[in-house]
Protein chains: 2
Amino acid sequence: MAGFKGQAEYSVDSKGRVTIPAKMRDELSPEADGTFTVTRGFDQCVYLYPLDTWTEMEENEIANLSRYDREARHFVRIIMRWAEEVALDAQGRIKLPSPLIDFAEIDGEGRIIGAFDHVEIWAPKVFDQYMNEQPVEYETLAERVMSG
Amino acid sequence: MAGFKGQAEYSVDSKGRVTIPAKMRDELSPEADGTFTVTRGFDQCVYLYPLDTWTEMEENEIANLSRYDREARHFVRIIMRWAEEVALDAQGRIKLPSPLIDFAEIDGEGRIIGAFDHVEIWAPKVFDQYMNEQPVEYETLAERVMSG
DNA sequence: GGCGTATTCCCCACTTTTCCCCACGGGCCT
DNA sequence: AGGCCCGTGGGGAAAAGTGGGGAATACGCC
């Protein structure tokens, strides 16, 4: 299965519904059962993981963390607190939980980005600002990340 | 079975009753029999473990502690002293034991948080304060916890 | 030991939110 | 030019959360 790719700018209506681009929906495996797990992203955006991918992450990464370690506990609190399963409706939309809409400062419009193993939704304004703030240009970044 | 996730802010009425969010109720396995074991949490909150998970913990972790070790003895006293079994009523609520309400300083409102293997209930005020006190931001925490 | 008080548990009714279904308009491909 | 797929919006039925009252039980006091 190929990774999520592409970008789009779709409306987020008053009920918090966003259409997921058809091309990204097509990437979902049958095991995902038309369902994503949304959660707080790194940086100020929302992450969408296909259900099957997310379940693997829970089992392989989160389940192994110690209940008795302070930092691990705090991490689990954050990641799970923001997480929620959302299913596609007949129109190919999901409903974003309102806490995540607030967190990402999404208002009316969402920029949807394919990011290989997950999909991201940003407020367009926040996304532009994030891009401008990044100090390292694309070519330099490539050298650093890919050579390590 | 997937882990508990999501957050909500529900009322805790004068009788100490709190609704458990439907999504979290759905995570309960049949073996839990609609019952949680509540106890004092790490940090100032209340923990809710599904009955079956709790039973496992008792057998696998608590049962193995030495009767002859002072600290282990103390630990067992604390965790068991605060523990209590609570069943969901027909409306999907539980009654929080009043000692735990006092301990967590819950008054009227409770912030309910899914935390993978258990559910947590916090006084909103206490929770916000806890979050603000954490010195490490989410992105940094993720690097540390998940790479270790 | 009996009575009165307090507590707990269960049931019922109301309000709000959520979810699902339907209908419309536009664009792309054939 | 027509048909099909895609994104957008709204309305109605069902579920979820909230609050209060009454019967049964337990407790303490007289």
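Just so you know, these numbers come straight off a predicted model, no measurement behind them.

### Examining the packing of helix 3 (residues 70-81) of chain A against helix 6 (residues 138-147) of chain B
Two elements in contact, helix 3 of chain A and helix 6 of chain B, have axes separated by 10 Å at closest approach and are oriented at 125°. Considering their axes alone, helix 3 of chain A and helix 6 of chain B lie oblique with respect to each other. Note that helix 3 of chain A runs across helix 6 of chain B; the crossing there is left-handed. Residues Glu71, Ala72, His74, Phe75, Ile78 and Ile79 of chain A of helix 3 of chain A form the contact with helix 6 of chain B, whose participating residues are Tyr138, Leu141, Ala142, Arg144, Val145 and Met146 of chain B. Grouping the amino acids of the contact of helix 3 of chain A with helix 6 of chain B by side-chain chemistry returns nine nonpolar, one polar and two charged.

### Topic: the nonpolar core
Among the nonpolar cores identified, the biggest contains 83 residues, and Val46, Leu48, Leu96 and Ile106 of chain A together with Val46, Leu48 and Ile106 of chain B are the most heavily contacted of them. Tallying contributions element by element places helix 3 of chain A first for this core, with five residues.

### Looking at the packing of helix 2 (residues 51-62) of chain A against helix 3 of chain A
All names here are of chain A. Packing of helix 2 against helix 3 brings their axes to within 13 Å, and their N-to-C directions diverge by 170°. Looking at the two axes, helix 2 sits roughly antiparallel to helix 3. Residues Trp54, Glu58 and Ile62 of helix 2 pack against Val76, Ile79 and Met80 of helix 3.

### Thoughts on the packing of aromatic side chains
Overall, the coordinates contain 18 aromatic pairs over all chains when judged by the stated rule. What links up through ring pairs into an aromatic cluster is the set Phe42, Tyr47, Tyr49, Trp54 and Phe75 of chain A together with Tyr138 of chain B.

### Here's the deal with the protein's contact with DNA strand C
Lining the immediate surroundings of DNA strand C are Lys15, Arg17, Gln91, Arg93 and Lys95 of chain A together with Lys15, Arg17, Gln91 and Arg93 of chain B. Sugar and phosphate atoms represent 7% of those atoms of DNA strand C found within 4 Å of the protein. Here a base nitrogen of DNA strand C and a side-chain polar atom of Lys15 of chain B are 3.5 Å apart.

### Here we look at the sheet that holds strand 3 (residues 35-40) of chain A
All names here are of chain A. Read across the open sheet, the six strands follow the order 1-7-8-4-3-5; overall the sheet is antiparallel. Of all strands in the sheet, those bounded by a partner on one side alone are strand 1 (7-11) and strand 5 (84-87). Taking each pair of neighbouring strands and ignoring which way they run, the sheet shows an average axis angle of 30°. The pairing of strand 7 (residues 109-115) with strand 8 (residues 118-122) spans five bridges and is classified as antiparallel.

### Here's the deal with the relation of the copies chain A and chain B
Under the fitted operation, chain A is carried onto chain B by 9.1 Å of movement along the axis and a turn of 23°, and the coordinates agree to an RMSD of 0.4 Å. An asymmetric contact is evident, with only 10% of the interface residues of chain A recurring at the interface of chain B.

### Digging into the interface of chain A and chain B
Listed as interface residues are 29 residues of chain A and, on the opposing side, 33 residues of chain B. Carbon and sulfur atoms make up 59% of the surface buried where chain A meets chain B, a total of about 3000 Å² over both sides. Of all residues in chain A, the largest losses of buried area upon contact with chain B belong to Arg67, Arg77 and Arg81 of chain A, amounting jointly to 27% of the total for that side. Inspection of the chain A/chain B interface yields eight salt bridges. The closest approach of N and O atoms between Arg144 of chain B and Glu71 of chain A, which form a salt bridge, is 2.7 Å.

### Brief notes about the protein's contact with DNA strand D
Every one of the 22 residues lining DNA strand D counts as a neighbour, but Tyr10, Lys15 and Arg17 of chain A together with Tyr10 and Lys15 of chain B are closest to it. Near the protein, within 4 Å, the atoms of DNA strand D are sugar or phosphate in 49% of cases. Between Arg17 of chain B and DNA strand D, the recorded distance is 2.9 Å, taken from a side-chain N or O atom to a base oxygen. In the model, a phosphate oxygen of DNA strand D is placed 3.1 Å from a nitrogen or oxygen of the Arg25 of chain B side chain. Of all the secondary-structure elements, those providing two or more residues to the surface near DNA strand D are strand 1, strand 2 (17-19) and helix 1 (22-25) of chain A together with strand 1 (7-11), strand 2 (17-19) and helix 1 (22-25) of chain B. Residues belonging to the surface near DNA strand D are distributed by class as follows: eight nonpolar, six polar and eight charged.

Each value, and the rule that gives it
- Residues numbered from 1 in each chain as written.
- Chains lettered and ligands numbered in written order.
- Predicted model: local features only at pLDDT ≥ 70, side-chain atom pairs only at ≥ 80, totals over all residues.
- Heavy atoms only, no water.
- Axes fitted to C-alpha atoms, helices over the stretch in contact; angles between N-to-C directions.
- Helix = DSSP H or I, 4+ residues; strand = E, 2+ residues; numbered from the N terminus.
- Parallel < 35°, antiparallel > 145°, perpendicular 65-115°, else oblique.
- Left-handed = near helix turned anticlockwise from the far one by under 90°.
- Contact = heavy atoms within 4.5 Å.
- Nonpolar A, V, L, I, M, F, W, Y, C, P; charged D, E, K, R; others polar.
- Core = buried A, V, L, I, M, F, W, Y, C linked by side-chain atoms within 4.5 Å.
- Buried < 20%, exposed > 50% of the residue type's maximum accessible area, 1.4 Å probe, protein only.
- Phe/Tyr/Trp six-rings, centres within 6.5 Å; stacked < 30°, edge-to-face > 60°.
- Near = heavy atom within 4 Å.
- Polar contact = N/O pair within 3.5 Å; in protein donor to acceptor, adjacent residues only side chain to side chain.
- Pairing = 2+ DSSP bridges.
- Least-squares fit on C-alpha atoms with pLDDT ≥ 70 in both.
- Buried area = accessible area lost by both parts, 1.4 Å probe.
- Salt bridge = Lys/Arg side-chain N within 4 Å of Asp/Glu carboxyl O.

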